[in-house]
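Given next are the chains, with one letter for each unit.
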Amino acid sequence: NQLDEITKRGMLVVAVPQDFPPFGSVGSDLQPVGYDVDTAAYLAESLGVKLELVPVTSANRIPYLQTRKVDLVISSMGKNPERERVIDFSRAYAPFFLGVFGSSDAAVASAADLAGKTVGVTRGSVEDLELSKLAPEDAVIRRFEDNSTTISAYLSGQVELIATGNLVAAKIAEKGNSRGLKSKFIIKNSPCYVGTHKGDTELLTKVNELIVAGLTSGKLDELSMKWFNAELPAELKL
Amino acid sequence: MDYTFQFGELLPYSDLIARGVLSTVILAIVTTVLGCLLGTLGAAARAGKQTFLSRAVGVYVELIRNTPFIVQLFFIFFGLPTIGIKLTAGEAGLLAMVINLAAYSTEIIRAGIESIPKGQLEAARTLGLSRTQTFTRVVLPPALEKIYPALTSQCIIVMLGSAVLSQISVEELTFAANFIQSRNFLSFEVYMVITVIYLLLAILMRQGFKLIHYFMFPNLRARS
Amino acid sequence: MSVFSDWDILRNLLLAARWTVVLSLIAFAGGATVGLLLTMMQVSGRTLLVRFTRLYIELFQGTPLLMQLFLVFFGLSLMGLEVSAWFAAALALTLFSSAYLTEIWRGCIESIPRGQWEASRCLGLSYFEIMRHIILPQALKVAIAPTVGFSVQIVKGTALASIIGFVELTKAGTMLNNATFEPFKVFGMVALLYFLLCYPLSVASRKLERKLNVAR
Amino acid sequence: MSLVSINNVHKYYGSNHVLKGINLEIGAGEVVSIIGRSGSGKSTLLRCINGLEAYSEGGVVVDQMEVVYDDRQIRKLSKSVGMVFQSFNLFPHLTVGQNIMLAPKLVRKLPESEAKVIAQEVLAKVGLAEKIDSYPAELSGGQQQRVAIARSLAMNPKVLLCDEITSALDPELVGEVLKVLEDLAAEGMTLILVTHEMNFARDVGDRVIFMHQGLVWEEGDSKTVLANPQTPELSKFINAVL
Amino acid sequence: MSLVSINNVHKYYGSNHVLKGINLEIGAGEVVSIIGRSGSGKSTLLRCINGLEAYSEGGVVVDQMEVVYDDRQIRKLSKSVGMVFQSFNLFPHLTVGQNIMLAPKLVRKLPESEAKVIAQEVLAKVGLAEKIDSYPAELSGGQQQRVAIARSLAMNPKVLLCDEITSALDPELVGEVLKVLEDLAAEGMTLILVTHEMNFARDVGDRVIFMHQGLVWEEGDSKTVLANPQTPELSKFINAVL
Ligand SMILES: Nc1ncnc2c1ncn2[C@@H]1O[C@H](COP(=O)(O)OP(=O)(O)OP(=O)(O)O)[C@@H](O)[C@H]1O
Ligand SMILES: Nc1ncnc2c1ncn2[C@@H]1O[C@H](COP(=O)(O)OP(=O)(O)OP(=O)(O)O)[C@@H](O)[C@H]1O
Ligand SMILES: [Mg+2]
Ligand SMILES: [Mg+2]
């Protein structure tokens, strides 16, 4: 099974984001850093194996897992039924509120207000799937390949609004870009889960064990302070 | 191999695929027309005397031909807004394709023009034709005829290159593929089907060009 | 989050450009090897081999390189083969470039006048001897310029490997753009670096062509 | 007054002195053959007469027009001077009729219908009336050259320049082209031909000009000159060609 | 027994019946000129004699070898039959010497040194001994054609086929090539030439074959045939060419 495989090769291969701060972005040496990256490091350390990071985009992370290019996806990934058909999910390891964000002068307070507006979203992400259901007919949803393109599209003014996670939006706003980024409305509470290949039960059980351990020991809280400037919300720890 | 193919799963998306095909076809047609037109003008400028214009066209051609399409696309879509030029994804994509084809066709058509024997020009001059008349009536038609296959291939290459437009959210054929893939995760099936569609488009385009050729160059028809 | 100076951007791009170069070299070597094989098959005159090569060329020239990359990257894995972004990019680019190189080289061989064949046959040379002593030496000379010219297409083709996550020049560009939000500067630099890689090849190809035309 | 008057014409290509002072007067209705070795400057001289090449010194006057190397002037000149080339230079993408009608329509601004009548006339003259809708590639070399002559005639020139117009033809096709020239000469057309066809030069031409090293080396009545060359160069040339 | 024996040869290109039953016997040492209009099948006949083209019916025997269109057979045949082309077809990337030595080395398996001796011999024969290290592009057309003849001679053939080998040459270069042929004829080489040089055919050739529409229309002793053509077709042809 996959867990033995990992122990045998002494290496855990994890798909992480690199265009999705604060979960995963790149430092000035272009190596991934962020909450997901640290979480992956924590898991590898606990398993007593080395860690190999594979930068992925939201669009290709599931194919990576399906085709066993990686053991785990720790990539701020939300759960939904479509995904559950093709991969397995651990318990949640990080909070995530999906919302629509835009500059302060954009008058949007609910999904209905999106009519006639252009919203950028990363193709295949949970926010894409949810927004596709919520948005009125005449809202223009522009779907980009990965988060970096989506964010770039917003920052260069190619879209008026973007749908993404609250923590991500905060991080972008921090950049001090002239357009600013204010929360307009929340689409969904969609915490992050670790993804495993369908049927890797032993691995999944082990990952769940380690997440619980991390939550109780305060390890994950520590990471949360480091990257989100806040402790993990209580409901995550239940 | 323990994988079972599920091509049937793509059926619900046939609408999306059809729309993707349509936009790819429209992009291809508009690009071909505008690109070849601009290419002809560029070639005319390049083939004449060394002027500022011909040199400027030369620089443009070199710039475009020596940088990747996707980088040009990103530059236009993300870079230009910072200096105040904002284009929609569709416009940016089309612009990138047109300037690309225009650069290549400039070079191709110029080669065609240069392959026309000097005697043809001299004959036209001794008959009293002006420069413009000589270019449009005597030089250009056989030049186009000569480079027609190269031009056809280049137009097809640019059409296939439009796959990259999906990266900036243009909803063409590859976008449809990526979209479906992001919904049902059947990457192999989707890409397989879309690849075959591209192949058919390329074949169709070649046939289309042949048809145009048939009407454009009746002298070749007569010979065969 | 770290702050990027212009030098950081350039430094990272230059580092990534190494991979563009390496991938280009691999793709060229692969494409040339496969292309040579296919060219031989195509000029062999054996119906089956010729048909196969035609199909191969039609297939890889008739579909987007991007799709070929996707299919190799995700498709081969489904068949149980371990495929890294490296391998996928190298393989797809090899398939792509071999198709074009085959076309180019076949054209070069066919550009040698029929009279050369006929004269050689009248002197009693065998097919193999004619190829080896008469046709290939001449075709090789003709082939150099367009081959160098096509290598520009290979270098540019590697840019698409960024989409399957291979970190080369373009991918580094998008990553840096994401980190700095200075698209004009970042993509301007990326374009410049590609230009510096490709332009010398273009110029060399043109020079070679002119030289050979004069020589004839 | 002579139709073509060449006055001390010099021509250099870089430092290569190709024409070294040519003087010639050619009257209306004359048939003049220019002969000489390869490189002696025959083509260059012809090209100076119709403005295709700029001469470096001297003057050329055709039909009372000064020949200068200038687009506007060449256009004007084209109504008086026709030229036929060794390599035909028919326009491959146009039919025979279109080839002939092109210049009358564009330069003489004739309407399609009139141009058509002219095309039929000149084609009849060269014996190819039925080929009006063929493309050049469908014709033999001799036929193509006859069409090229017809194309020049359609501009109704006063003088026709022919530069080795039978050299690219198979031997058995030479006759049909020479026949057309003979007819033209009989009608009184002024012809200046660069040619290797000695028989034609002798029998049909009025005057022979032997060029050598950029000079008119010998000239005079064609029968006399060819029968009694005065210079060793011409003797040698005649022996080599015949 | 004759050296070349052609027996009722037919040749079709698709539905185009190009050779319509050719019968010829050519003895060793004969010099045979084939004349006729363009398209009458002269080249095709030559190409059937050396296996470059497959004939559709009939038989050709050269030097007691049946000529069949097959690589192996052509290789064997190449030791008896040489061919010179209108367009020389020298190998541009090889020097004159290498051009000549290639086949002796590869086909006759001679060592370099022997091949070299042969090259010098044949070059001397065509008067170009000093050009052994030149490249073809450095030679004039006449010189190139003489090298091409030398290259054929190096294989020591019994019969040399020449297809209009002077047609691509400037008039003043024709003589030097014909001179070489004349010498070969004098030495007793069997020559079959497609040619338009009537003087040469008459003065040097033994026999003339006039082809018309894929048939041997008239043939016989060259002086007789050219002086007294029996058919109107040949009369017309001779008039056109002379
Ligand atoms: N465009 C050119 N540039 C440079 N030199 C030229 C050019 N055209 C001709 N010459 C040179 O001028 C000289 C005369 O050439 P010209 O073509 O007039 O000779 P010609 O008598 O017509 O010879 P031929 O019988 O070969 O046509 C030659 O030495 C030739 O090399
Ligand atoms: N490879 C070919 N394919 C089809 N038809 C051919 C081919 N070669 C020659 N022919 C045709 O065969 C006929 C005879 O051609 P051939 O070349 O033998 O004539 P020729 O007498 O040598 O003429 P020329 O004097 O022009 O060389 C012509 O009608 C020609 O069109
Ligand atoms: Mg000349
Ligand atoms: Mg022939």
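Everything numeric in this text was worked out from a predicted model, so none of it was measured.

Participant: Just checking my understanding: could you explain the UniProt feature "transmembrane region" (unreviewed entry) in chain C for this structure?
Facilitator: Residues and elements named next belong to chain C. Per the UniProt record, "transmembrane region" (unreviewed entry) is found at residues 16-38, 59-79, 85-105, 142-166 and 186-204. Secondary structure across residues 59-79 divides into 81% helix and 0% strand, with the first and last C-alpha atoms of the span separated by 21 Å. Taken as a whole, residues 85-105 contains 100% helix and 0% strand, while its terminal C-alpha atoms sit 29 Å from one another.

Participant: Would you explain a nonpolar patch on the surface in this entry?
Facilitator: Residue and element names in this part refer to chain C. Judged by side-chain polarity, W19, V22, I26, W86 and F87 come together as a nonpolar surface patch covering roughly 420 Å² of accessible area. Within the residue set of the nonpolar patch, elements represented by two or more residues are α1 (6-43) and α4 (85-110). Among the elements that take part in the nonpolar patch, α1 stands out by supplying three residues, more than any other. Summarising the element assignment, F87 is placed in helix α4. Owing to a relative accessible area of 44%, F87 belongs among the partly exposed residues under this scheme.

Participant: Whenever I open this one, empty space enclosed by the protein confuses me. Can you help?
Facilitator: One water molecule sets the probe size; rolling that probe over the atoms shows where empty space is left. Tallying each qualifying case throughout the model produces 16 cavities of 30 Å³ or more. There is about 150 Å³ of room inside the largest cavity. Lining the largest cavity we find 18 residues, and of these D146(A), T149(A), F74(B), Q167(B) and T174(C) sit closest to its centre. Residue assignment for the lining of the largest cavity shows that the elements contributing at least two residues are α6 (147-155) of chain A, α3 (69-79) of chain B together with α7 (169-180) of chain C. With five residues, α7(C) is the largest single contributor of residues to the lining of the largest cavity.

Participant: I would appreciate a short explanation of the packing of aromatic side chains in the present structure.
Facilitator: The way to describe two aromatic rings as a pair is by their centre distance and the angle between their planes. Applying the stated rule across the entire model yields 34 aromatic pairs over all chains. A ring pair is formed by Y191(B) and F74(C), whose centres lie 6.3 Å apart and whose planes are at 15°; its orientation type is stacked. Remark: F74(C) occurs in helix α3 (residues 65-78) and Y191(B) occurs in helix α8 (residues 187-216); the pair is interchain, linking two chains. Neither Y191(B) nor F74(C) differs from the other in exposure class; each is buried. With a centroid separation of 5.7 Å and 90° between ring planes, the pair formed by W19(C) and W86(C) is classed as edge-to-face. With W19(C) in helix α1 and W86(C) in helix α4, the pair connects residues that are 67 residues apart, well separated along the chain. The rings of F20(A), F23(A), Y35(A), Y93(A), F96(A) and F228(A) are connected pair by pair, giving a single aromatic cluster. Directly above the ring of F73(C) sits K69(A), whose terminal nitrogen or CZ lies 4.1 Å from the centroid. Geometry around F91(D) places R151(D) over its ring, the cationic atom sitting 4.5 Å from the centre.

Participant: Help me out: how do you make sense of the relation of the copies chain E and chain D in this one?
Facilitator: The relation between the two copies of this chain is a rotation about an axis and a shift parallel to it. With an RMSD of 0.1 Å, the operation that places chain E on chain D is a rotation of 174° combined with a shift of 0.3 Å along the axis. Both copies of the chain, as the preceding transformation shows, are related through a two-fold rotation axis. Taking the C-alpha atom as reference, chain E places A168(E) closest to the rotation axis, 4.6 Å from it. Residue by residue, 71% of the interface of chain E is reproduced at the interface of chain D, so both copies engage with the same surface.

Participant: Any chance you could explain the side chain of E30(E) here in plain terms?
Facilitator: With respect to the helices, strands and loops of the structure, E30(E) is situated in the loop between β2 (16-26) and β3 (31-36). Judged by its relative accessible area of 19%, E30(E) falls in the buried class.

Participant: Just to check I follow, could you spell out the UniProt feature "domain: ABC transmembrane type-1" (unreviewed entry) in chain C for this structure?
Facilitator: According to UniProt, the "domain: ABC transmembrane type-1" (unreviewed entry) feature falls on residues 17-205 of chain C. Taken as a whole, residues 17-205 of chain C contains 83% helix and 0% strand, while its terminal C-alpha atoms sit 22 Å from one another.

Participant: What exactly am I supposed to notice about the pairing of strand β4 (residues 57-62) of chain D here?
Facilitator: A regular strand places its side chains on the two faces of the sheet in alternate fashion. All names here are of chain D. When strand β1 (residues 4-13) meets β4, the two strands line up antiparallel, connected through five bridges. Within β4, the position partnered with H10 by the bridge is E57. One ladder, built from two bridges, connects β4 with strand β5 (residues 65-66); its direction is antiparallel. Along β5, the bridge assignment pairs V62 with M65. The antiparallel hairpin formed by β4 and β5 contains two residues in its connecting segment, where D63 sits at a positive phi of about 50°.

Participant: Would you take a moment to explain the nonpolar core for this structure?
Facilitator: Within the largest apolar cluster, 253 residues are counted, with the highest numbers of intra-cluster contacts made by F23(A), Y35(A) and L114(A). Of the residues forming this core, the biggest block, 14 residues, is contributed by α4(C).

Participant: Would you mind going over the site of ligand 1 with me for this structure?
Facilitator: All names here are of chain D. Taken together, Y13, N16, V18, R37, S38, G39, S40, G41, K42, S43, T44 and E164 make up the full set of residues near ligand 1. G39 is positioned such that a nitrogen or oxygen atom in its backbone is 2.8 Å from an oxygen atom of ligand 1. In the model, an oxygen atom of ligand 1 is placed 3.1 Å from a nitrogen or oxygen of the G41 main chain. When contributions to the shell around ligand 1 are tallied by element, the ones reaching two or more residues are β2 (16-26) and α1 (42-49). Here the residues of the shell around ligand 1 are counted per class, giving two nonpolar, seven polar and three charged.

Participant: Help me out: how do you make sense of the interface of chain C and chain B in this one?
Facilitator: The extent of an interface is frequently quoted as the accessible surface area lost upon association of the parts. Between chain C and chain B, the contact holds 36 residues from the first and 37 residues from the second. Together chain C and chain B conceal approximately 3,200 Å² of surface at their shared face, both sides included; 78% is due to carbon and sulfur atoms. The largest share of the area that chain C buries against chain B comes from M67(C), L78(C) and F184(C), three residues that together contribute 20% of it. Summed over the shared surface of chain C and chain B, the result is one salt bridge. Residue E62(B) pairs with R206(C) through a salt bridge whose shortest N-O separation is 2.7 Å. Connecting chain C to chain B are five residue pairs in polar contact (both at pLDDT 80 or more). Broken down by secondary-structure element, the contributors of at least two residues to the side of chain C that touches chain B are α2 (47-61), α3, α6 (127-157), α7 and α8 (183-215) of chain C.

Participant: I keep staring at the site of ligand 2 and nothing clicks. Help me out?
Facilitator: Residue and element names in this part refer to chain E. Every residue close to ligand 2 is listed here: Y13, N16, V18, R37, S38, G39, S40, G41, K42, S43, T44 and E164. In the environment of ligand 2, an oxygen atom lies 2.8 Å from a nitrogen or oxygen atom belonging to the backbone of G39. Here an oxygen atom of ligand 2 sits 3.2 Å away from a polar atom, N or O, in the main chain of S40. Protein coverage of the free-state accessible area of ligand 2, which is 630 Å², stands at 60%. Among the secondary structure elements, those contributing two or more residues to the shell around ligand 2 are β2 and α1 (42-49). The biggest single contributor to the shell around ligand 2 is α1, with three residues.

Participant: Is there a simple way to think about helix α5 (residues 114-122) of chain C in this case?
Facilitator: Because an α-helix packs 3.6 residues into every turn, residues spaced three or four apart end up facing the same way. All names here are of chain C. With seven of nine residues buried, α5 is to be regarded as a mostly interior element. Residues G115, Q116, E118, A119, S120, R121 and C122 constitute the buried set of α5. Once α5 finishes, G124 follows within two positions and takes phi at roughly 95°, a positive value.

Calculation rules
Residues numbered from 1 in each chain as written. Chains lettered and ligands numbered in written order. Predicted model: local features only at pLDDT ≥ 70, side-chain atom pairs only at ≥ 80, totals over all residues. Heavy atoms only, no water. UniProt positions renumbered as here; feature names shortened; annotations may be inferred. Helix = DSSP H or I, 4+ residues; strand = E, 2+ residues; numbered from the N terminus. Patch = residues over 30% accessible without salt bridge, like charges linked within 9 Å, V, L, I, M, F, W, Y side chains within 5 Å. Areas by Shrake-Rupley, 256 points an atom, 1.4 Å probe, with all protein chains shown as cover. Salt bridge = Lys/Arg side-chain N within 4 Å of Asp/Glu carboxyl O. Buried < 20%, exposed > 50% of the residue type's maximum accessible area, 1.4 Å probe, protein only. 1 Å grid on protein atoms, 1.4 Å probe; cavity = no way out; pocket = protein on both sides within 12 Å on 5 of 7 lines; lining within 4 Å. Points joined across faces, edges and corners; volume = space filled by probe spheres on them. Phe/Tyr/Trp six-rings, centres within 6.5 Å; stacked < 30°, edge-to-face > 60°. Lys NZ or Arg CZ within 6 Å of the ring centre and 35° of its normal. Least-squares fit on C-alpha atoms with pLDDT ≥ 70 in both. Contact = heavy atoms within 4.5 Å. Pairing = 2+ DSSP bridges. Core = buried A, V, L, I, M, F, W, Y, C linked by side-chain atoms within 4.5 Å. Near = heavy atom within 4 Å. Polar contact = N/O pair within 3.5 Å; in protein donor to acceptor, adjacent residues only side chain to side chain. Nonpolar A, V, L, I, M, F, W, Y, C, P; charged D, E, K, R; others polar. Buried area = accessible area lost by both parts, 1.4 Å probe.

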